Amino acid sequence: MKTLVTFLTVIGLFTLTSCKQDANVNAMMQNPEMRGQMMQNIVGDHDMMAEFMGKMKNNPHAMQMMQGDKGMMNSEGMNMMNDSIMSMNMMHSMMKDGKMMTHMMQMMHDQGMMSDECMNSCIKMMSAKGMNTSNMHTN
């Protein structure tokens with residue numbers, strides 16, 4: 001019986017200590033496979049890549065490196081990064097402009113890209129936010 005209690009105690013301790021796995025980011029970044037996988041995950045995910053580009057844009061060292069790398073600054077990838085940031089900025093501006101949103105939604109509705117139900121829901125939501133929706137109409 002004493003052996004059984006000792007055995008179960010040892011197993012319990014091993015179980016509890018094996019559950020705690022601290023992820024040391026610096027140690028993971030030292031592993032080339034892990035680092036490559038993390039980078040691949042970032043560039044493969046739109047939201048993570050947008051966040052990464054924002055951080056790069058706000059980091060003087062990253063900007064200096066990009067400006068010093070003529071290949072990167074002239075590459076299609078850099079143009080895509082700038083286009084992506086410009087598109088996000090443009091979308092944010094449009095979302096704040098009730099007249100522009102009204103026009104865009106009306107165009108989408110007229111082209112069959114937005115259903116009557118969705119259009120009515122958007123009109124209600126925009127009205128609740130104080131945006132002028134008087135010139136919007138459904139068919």
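Before reading on, note that the structure itself is shown above.
Model, not experiment: these values are computed from the prediction. (Residues numbered from 1 in each chain as written. Predicted model: local features only at pLDDT ≥ 70, side-chain atom pairs only at ≥ 80, totals over all residues. Heavy atoms only, no water.)

K.L.:
Would you mind showing me how to read the overall build of the chain here?
P.N.:
The number of helices and strands found in the chain is 9 helices and 0 strands. Along the chain direction, N to C, the helices and strands of the chain fall in the order α-α-α-α-α-α-α-α-α. Classification of the 139 residues of the chain by burial places 17% in the buried group. For the chain, restricting intrachain contacts to residue pairs at least 6 apart in sequence, the fraction spanning at least 24 positions comes to 33%. A total accessible area of about 11,300 Å² is found for the chain, and carbon and sulfur atoms account for 61% of it. (Helix = DSSP H or I, 4+ residues; strand = E, 2+ residues; numbered from the N terminus. Buried < 20%, exposed > 50% of the residue type's maximum accessible area, 1.4 Å probe, protein only. Contact = heavy atoms within 4.5 Å. Areas by Shrake-Rupley, 256 points an atom, 1.4 Å probe, with all protein chains shown as cover.)

K.L.:
Mind showing me how you'd approach the packing of helix 3 (residues 32-44) against helix 4 (residues 46-57) here?
P.N.:
Packed helix pairs are characterised by how far apart their axes lie and by the angle those axes make with each other. With their axes 5 Å apart at the nearest point, helix 3 and helix 4 run at an angle of 100 degrees to one another. For the element pair helix 3 / helix 4, the angle class is roughly perpendicular. The segment helix 3 lies against helix 4, with N41, I42, V43 and G44 engaging H46, M48, M49 and F52. Grouping the amino acids of the contact of helix 3 with helix 4 by side-chain chemistry returns 5 nonpolar, 3 polar and no charged. (Axes fitted to C-alpha atoms, helices over the stretch in contact; angles between N-to-C directions. Parallel < 35°, antiparallel > 145°, perpendicular 65-115°, else oblique. Nonpolar A, V, L, I, M, F, W, Y, C, P; charged D, E, K, R; others polar.)

K.L.:
Looking at this model, I keep getting lost on the layout of surface pockets. Mind explaining?
P.N.:
Where empty space is left in the structure can be found by rolling a water-sized probe over the atoms. Computed from the structure, the second largest pocket encloses a volume of approximately 160 Å³. Taken together, M29, R35, M38, M39, I42, V43, M49 and F52 form the lining of the second largest pocket. Listing elements by their share of the lining of the second largest pocket, those giving two or more residues are helix 3 and helix 4. No other element matches helix 3, which puts 5 residues into the lining of the second largest pocket. Grouping the amino acids of the lining of the second largest pocket by side-chain chemistry returns 7 nonpolar, no polar and 1 charged. (1 Å grid on protein atoms, 1.4 Å probe; cavity = no way out; pocket = protein on both sides within 12 Å on 5 of 7 lines; lining within 4 Å. Points joined across faces, edges and corners; volume = space filled by probe spheres on them.)

K.L.:
Help me understand the environment of M88, please; the structure alone is not making it clear to me.
P.N.:
Following the sequence through the fold, M88 ends up in helix 7 (residues 76-96). The spacing of M88 and A50 is 38 residues in sequence and 9.1 Å in space, taken between C-alpha atoms.

K.L.:
Teacher, can you tell me more about the packing of helix 8 (residues 98-110) against helix 9 (residues 116-128) here?
P.N.:
For the pair helix 8 and helix 9, the least separation of the axes is 10 Å and the interaxial angle reads 170 degrees. In this view, helix 8 runs roughly antiparallel relative to helix 9, as classed from their interaxial angle. Contact with helix 8, carried on its side by G98, M101, T102, M105, Q106 and H109, involves D116, M119, C122, I123 and M126 of helix 9 and no other residues of that element.

K.L.:
Just checking my understanding: could you explain the environment of H109 for this structure?
P.N.:
Among the structural elements, H109 can be located in helix 8. H109 gets classed as buried once you look at its relative accessible area, which sits at 5%. It is 7.0 Å that separates the C-alpha atoms of H109 and M119, two residues lying 10 residues apart in sequence.

K.L.:
Is there a simple way to explain helix 8 in this structure?
P.N.:
Residues lying three or four places apart along an α-helix face the same way, a consequence of the helix completing one turn every 3.6 residues. In this model helix 8 runs 18 Å from its N-terminal to its C-terminal C-alpha over 13 residues, within 8% of the 18 Å that 1.5 Å per residue would give. Of the positions making up helix 8, those classed as buried are G98, M101, T102, M105, Q106 and H109. Axial view of helix 8: buried residues confined to an arc of 130 degrees, hence all on one face. Just past helix 8, the residue G112 takes up positive phi, approximately 80 degrees. (Expected span 1.5 Å × (residues − 1). Arc of directions from axis to C-beta.)

K.L.:
Sorry if this is basic, but what is going on with the environment of D97 here?
P.N.:
You can see D97 is positioned in the loop between helix 7 and helix 8. Residue D97 is classed as partly exposed on the basis of its relative accessible area, which comes to 35%. In this structure, the C-alpha to C-alpha distance between D97 and N132, residues 35 residues apart in sequence, is 9.8 Å.

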